Amino acid sequence: MMDFTTAPDGMRIELAPTTHGAAVRVTFPARSGLDKRFCIKLGGGGGDGYDVVGRDPVQVDARTNRHSGGVGAGFEHSLRVEAVSGGATFEGHGHDCFCFGYPREA
């Protein structure tokens, strides 16, 4: 488990990696006036993509077939990303990158 706070803005990031994936939670500071975005760039495999599967809250199912070796043909890594606080917006950036945005006053 990794738990750290970024400087100078005070964004808290908690990461719990496993051998097959990870859980991450991002907590933005309560101060207003900051751009608040959490973006995911998929690994660059030929099978990268994502689908928006829910809107309230925003939910995204994503997949990539990029790996560092040692897996058989047809490998695919899947992930589910959910915005758990209200007011999140979804921003798609091509077939392999997406962001969740939050209001500055949130």
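Source: prediction; values computed, not measured. (Residues numbered from 1 in each chain as written. Predicted model: local features only at pLDDT ≥ 70, side-chain atom pairs only at ≥ 80, totals over all residues. Heavy atoms only, no water.)

**Side note on the side chain of Thr64**
Our working definition: Only DSSP runs of H or I covering at least 4 residues are called helices, and only runs of E covering at least 2 are called strands; the numbering of each starts at the N terminus. What qualifies as a polar contact is a pair of N or O atoms within 3.5 Å, subject to a donor-acceptor requirement within protein and to the restriction that residues adjacent in sequence count only when both atoms come from side chains.
Relative to the assigned elements, Thr64 resides in strand β6 (residues 58-64). There is a polar contact of 2.4 Å between the side chain of Thr64 and the side chain of Asp48.

**Some thoughts on the pattern of salt bridges**
To keep it simple, the criterion reads: Salt bridges are identified by distance alone: a Lys or Arg side-chain nitrogen within 4 Å of an Asp or Glu carboxyl oxygen.
For the structure shown, the criterion picks out eight salt bridges. Between Arg12 and Asp3 there is a salt bridge whose closest N-O contact spans 2.5 Å. Taking the shortest distance from any N to any O, the salt bridge between Glu14 and Arg12 comes out at 3.4 Å. If you follow the salt bridges from partner to partner, you end up with Asp3, Arg12, Glu14 and Arg25 in one network.

**Let's talk about the confidence of the model for the protein**
Basically, it comes down to this: Scored from 0 to 100, pLDDT reflects the predictor's confidence in each residue.
Across the protein, the average pLDDT comes to 81, with 92% of residues at or above 70. Per-element mean pLDDT across the protein ranges from 80 in strand β3 (residues 22-27) up to 90 in strand β1 (residues 2-5).

**Regarding the pairing of β1**
Applied cut-off: DSSP calls a pair of strands paired once it identifies at least 2 bridges connecting them.
Of the strand pairs in this sheet, β1 and strand β2 (residues 12-17) are connected by four bridges, and their pairing is antiparallel. The residue of β2 that forms the bridge with Met2 is Leu15. Between β1 and the antiparallel strand that follows it, β2, lie six residues; Gly10 among them carries a positive phi value of about 80 degrees.

**Focus on the sheet that holds strand β8 (residues 89-92)**
Defined as follows: To get an axis, fit a line to the C-alpha atoms, keeping to the stretch in contact for a helix; angles then go from 0 to 180 degrees between the N-to-C directions.
The strand order across the open sheet formed by three strands is β4-β9-β8, and the pairing between neighbours is antiparallel. Two strands in the sheet have a free side with no partner beyond their single neighbour: β4 (36-41) and β8. With strand direction ignored, the average angle separating the axes of adjacent strands in the sheet is 20 degrees. Two elements, β8 and strand β9 (residues 97-102), share four bridges in a ladder whose sense is antiparallel. Residue Thr89 lies in a different strand from β9, and its bridge partner there is Gly101.

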